[in-house]
Amino acid sequence: MRNIPFGKPMIGAEERQSVLEVLNGTTLVHGPRVTRFEASFSEFSGAPHSVAVSSCTAGLHLFYLAIGVGAGDEVIVPAQTHVATAHAIEFCGAKPVFVDVLNHTGNIDPAGVEAAVTERTRAISVVHFLGVPVDMDLILSIADTHGLLVVEDCALAIGARYKNLHVGLHGDVGCFSFYPVKHITTAEGGIVITRDQDFAEKIATLRAFGVNRHHGERKIAGDYDVPLLGYNYRMNEIEAAIGLEQIKKLPEFLKLRKQNFTYLEQKLVDCRNISFFTNENEKCQSSYYCFSILLEGKLLNKREEIIQFLNNKGIGTSIYYPKAVPMMKYYKKKYGYSGEEFPNASRISEQTISLPVGPHLNLEDMQYMANHVTQALKIAEN
Ligand SMILES: *Cc1c(COP(=O)(O)O)cnc(C)c1O
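For clarity, every value in this text was computed on a predicted model and none was experimentally measured. (Residues numbered from 1 in each chain as written. Predicted model: local features only at pLDDT ≥ 70, side-chain atom pairs only at ≥ 80, totals over all residues. Heavy atoms only, no water.)

**So, the packing of helix α9 (residues 303-312) against helix α12 (residues 363-381)**
Between α9 and α12, whose axes approach to 9 Å, the crossing angle comes to 140°. For the element pair α9 / α12, the angle class is oblique. Two packed elements cross with a definite hand, and for α9 against α12 that hand is right-handed. Two secondary-structure elements touch here, α9 through Glu-305, Ile-306, Phe-309 and Leu-310 and α12 through His-372, Val-373, Gln-375, Ala-376, Leu-377, Ile-379 and Ala-380. Each residue belonging to the contact of α9 with α12 can be placed in one class, and the counts come to eight nonpolar, two polar and one charged. (Axes fitted to C-alpha atoms, helices over the stretch in contact; angles between N-to-C directions. Helix = DSSP H or I, 4+ residues; strand = E, 2+ residues; numbered from the N terminus. Parallel < 35°, antiparallel > 145°, perpendicular 65-115°, else oblique. Left-handed = near helix turned anticlockwise from the far one by under 90°. Contact = heavy atoms within 4.5 Å. Nonpolar A, V, L, I, M, F, W, Y, C, P; charged D, E, K, R; others polar.)

Have a look at this one:
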């Protein structure tokens, strides 16, 4: 039997060596590695500005702080995403206005976005679900019409491109995650990218207490003031050291993900009672986060049985995401949802199984997985 975890951090000798160098030195925070990591990320993504932070959630929160979102304001978000996408709005006392997603991609429905705009709307938050870019032209045109800002939650979409431009650079800012199961990791960590220098500077100030002059800029110790209420959302040197090695490996990781994804798609295409999300098209290049199958017909509501079968064979699975965000207790209670409002998000959360395609898996792993998934589906059909 094979052991195929859903996600496995790809930490090698290079990461270990780099972390040791940090630990053997004197600078754990406010050092050169964070700056170098930001430069590497800018080079990879083509972003004019990159600001490393402690998590993707912190990055999203900092964006809302930077634009002054607060009580009485609304931000439009997809109903099918990580809770962090909505939490960051709640942190500011503003209201996340959930919009259902498209059945074939899991991305926010542009028609729903248009319908959700009110006088209180300040911004639109989009999530490139499982790494497939949102149709940004449609979102940007709605934002333009109503004078709204756009934030891209790119936690699953590093390497994804829309019309050949990296995701995160279409809206006002893009936020990425380096949590262990994402494409690359720094243990905990995130980064905000933007074309706008003012946003970059404001977010950089807010990530470190609102201090106006960081260590390298002070002529004498203590030569700083605090014009803003900032947070402590910095990335540290240990995390940046890991990130600097990870980003060198990212092109290879992305290639392997695509290879594994394509293999699985070809092997499962003839299975009955399942369908797949639309992945790439002429405008969209995916980051191939994972391979999700949607159960249909005779396989509806057979998810637990299928997952159990796969787990028994050593195959790890995941669910993106196990409940539509407005159906999570906190939101359901606070905003009084009945449970019927977001049928596509609910269907995706209830009837999909996500399979791993990460660079920790080789061709034999993929063959093993394809065979057992095929078998599991056949058994569950009857
Ligand atoms: C993982 C994830 C986050 C949270 O990222 P952290 O770095 O853990 O804060 C946010 N949004 C989406 C879509 C995610 O998948």
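Structure's up, so let's keep going.
**Some points on the sheet that holds strand β12 (residues 291-295)**
Pairing in this open sheet of three strands is antiparallel, and the strands run β10-β12-β13 from one edge to the other. The two strands at the open ends of the sheet, each matched to only one other strand, are β10 (274-276) and β13 (352-355). When the angles between neighbouring strand axes are averaged without regard to direction, this sheet yields 30°. In the sheet, β12 pairs with β13 via four bridges, with the strands oriented antiparallel. (Pairing = 2+ DSSP bridges.)

**A word on unusual backbone geometry**
In this structure, the amide linkage connecting Tyr-320 to the following residue, Tyr-321, adopts the cis form with an omega of -15°. Phi at His-30 takes a positive value of approximately 60°, unusual for a residue other than glycine.

**Looking at the packing of aromatic side chains**
Scanning all chains against the criterion turns up 22 aromatic pairs. Measuring from ring centre to ring centre gives 4.9 Å for Phe-261 and Tyr-288, while their planes differ by 70°; the resulting arrangement is edge-to-face. Separated by 27 residues along the polypeptide, Phe-261 in helix α8 (residues 237-268) and Tyr-288 in the loop between β11 (284-285) and β12 bring together distant segments of the chain. Overall, the relative accessible area of 6% leaves Phe-261 in the buried class. Joined through ring pairs, the aromatic side chains of Phe-6, Phe-129, Phe-277, Tyr-289, Tyr-320 and Tyr-321 make up one cluster. (Phe/Tyr/Trp six-rings, centres within 6.5 Å; stacked < 30°, edge-to-face > 60°. Buried < 20%, exposed > 50% of the residue type's maximum accessible area, 1.4 Å probe, protein only.)

**What about the pattern of salt bridges?**
Tallied over the full model, the rule gives 16 salt bridges. Here Lys-255 and Glu-252 are joined by a salt bridge, their closest N and O atoms 3.7 Å apart. Taken together, the residues Lys-255 and Glu-252, both in helix α8 and three residues apart, mark about one turn of the helix. A single salt-bridge network, built from bridges that share partners, covers Asp-135, Asp-137, Lys-163 and Lys-283. (Salt bridge = Lys/Arg side-chain N within 4 Å of Asp/Glu carboxyl O.)

**Topic: the environment of Arg-36**
On the secondary structure map, Arg-36 appears in helix α2 (residues 32-45). The sequence separation of Arg-36 and Ala-66 amounts to 30 residues, and the corresponding C-alpha distance is 24 Å.

**Looking at the nonpolar core**
One finds Tyr-64, Phe-98, Leu-130, Val-173 and Tyr-320 to be the most contacted residues of the largest nonpolar core, which totals 50 residues. Mapped by element, the contributors of at least two residues to this core are β1 (49-53), α3 (56-66), β2 (74-78), α4 (83-91), β8 (173-177), α7 (197-206) and α11 (343-351). Looking at this core, the element that brings in the most residues is α3, giving seven residues. Looking at this core, you find at least three residues from each of domain 1 (13-246) and domain 2 (250-381). When near neighbours in sequence (up to four residues on either side) are disregarded, Tyr-320 contacts Phe-6, Gln-80, Phe-129, Leu-130, Leu-156, Val-181, Tyr-289, Cys-290, Ile-348, Thr-352 and Ser-354. Leu-361, Tyr-368, Met-369 and Ala-376 belong to the second-largest nonpolar core, a separate cluster that totals 29 residues. (Core = buried A, V, L, I, M, F, W, Y, C linked by side-chain atoms within 4.5 Å. Domains from an automatic or database assignment.)

**Notes on the site of the ligand**
Close to the ligand lie 16 residues, the nearest being Thr-57, Asp-153, Ser-177, Lys-182 and Tyr-321. One of the backbone nitrogen or oxygen atoms of Cys-56 is found 2.9 Å away from an oxygen atom of the ligand. A distance of 2.7 Å separates a nitrogen atom of the ligand from a polar side-chain atom of Asp-153. When the ligand sits alone it has 390 Å² of accessible area, and the protein chains cover 94% of it. The site holding the ligand turns out to be the second largest pocket. (Near = heavy atom within 4 Å. Polar contact = N/O pair within 3.5 Å; in protein donor to acceptor, adjacent residues only side chain to side chain. Areas by Shrake-Rupley, 256 points an atom, 1.4 Å probe, with all protein chains shown as cover. 1 Å grid on protein atoms, 1.4 Å probe; cavity = no way out; pocket = protein on both sides within 12 Å on 5 of 7 lines; lining within 4 Å. Sits in = over half its atoms within 2 Å of the grid points.)

**Some remarks on empty space enclosed by the protein**
Following the criterion strictly, the structure yields two cavities of 30 Å³ or more and no others. Estimates place the volume of the largest cavity at around 140 Å³. In terms of lining, the largest cavity is formed by 21 residues, of which the most central are Lys-8, Val-181, Lys-182, Arg-257 and Pro-359. Grouping the constituent residues of the lining of the largest cavity by class yields 12 nonpolar, six polar and three charged. Here the lining of the largest cavity gathers at least three residues from each of two domains, domain 1 (13-246) and domain 2 (250-381). (Points joined across faces, edges and corners; volume = space filled by probe spheres on them.)

**A few points about the domain arrangement of the chain**
Where interface size is given, it is often the accessible area lost as the parts come together that is meant. Looking at the assigned domains, one finds that the chain contains domain 1 (13-246) and domain 2 (250-381). One C-alpha centre belongs to domain 1, the other to domain 2, and the line joining them spans 26 Å. Each side of the interface is counted separately: domain 1 has 42 residues, and domain 2 has 35 residues. In total, domain 1 and domain 2 occlude about 3400 Å² of area from one another, counting both sides; carbon and sulfur atoms represent 59% of this. Run the count over domain 1 and domain 2 and you get three salt bridges. Lys-283 is the partner of Asp-137 in a salt bridge, and the nearest nitrogen-oxygen pair spans 4.0 Å. At the boundary of domain 1 and domain 2, one finds 23 residue pairs in polar contact (both at pLDDT 80 or more). Among the elements of the structure, α4, β3 (95-99) and β6 (161-162) are those that each provide at least two residues to the side of domain 1 that touches domain 2. Partitioned by chemical class, the residues of the side of domain 1 that touches domain 2 number 21 nonpolar, 13 polar and eight charged. (Buried area = accessible area lost by both parts, 1.4 Å probe.)

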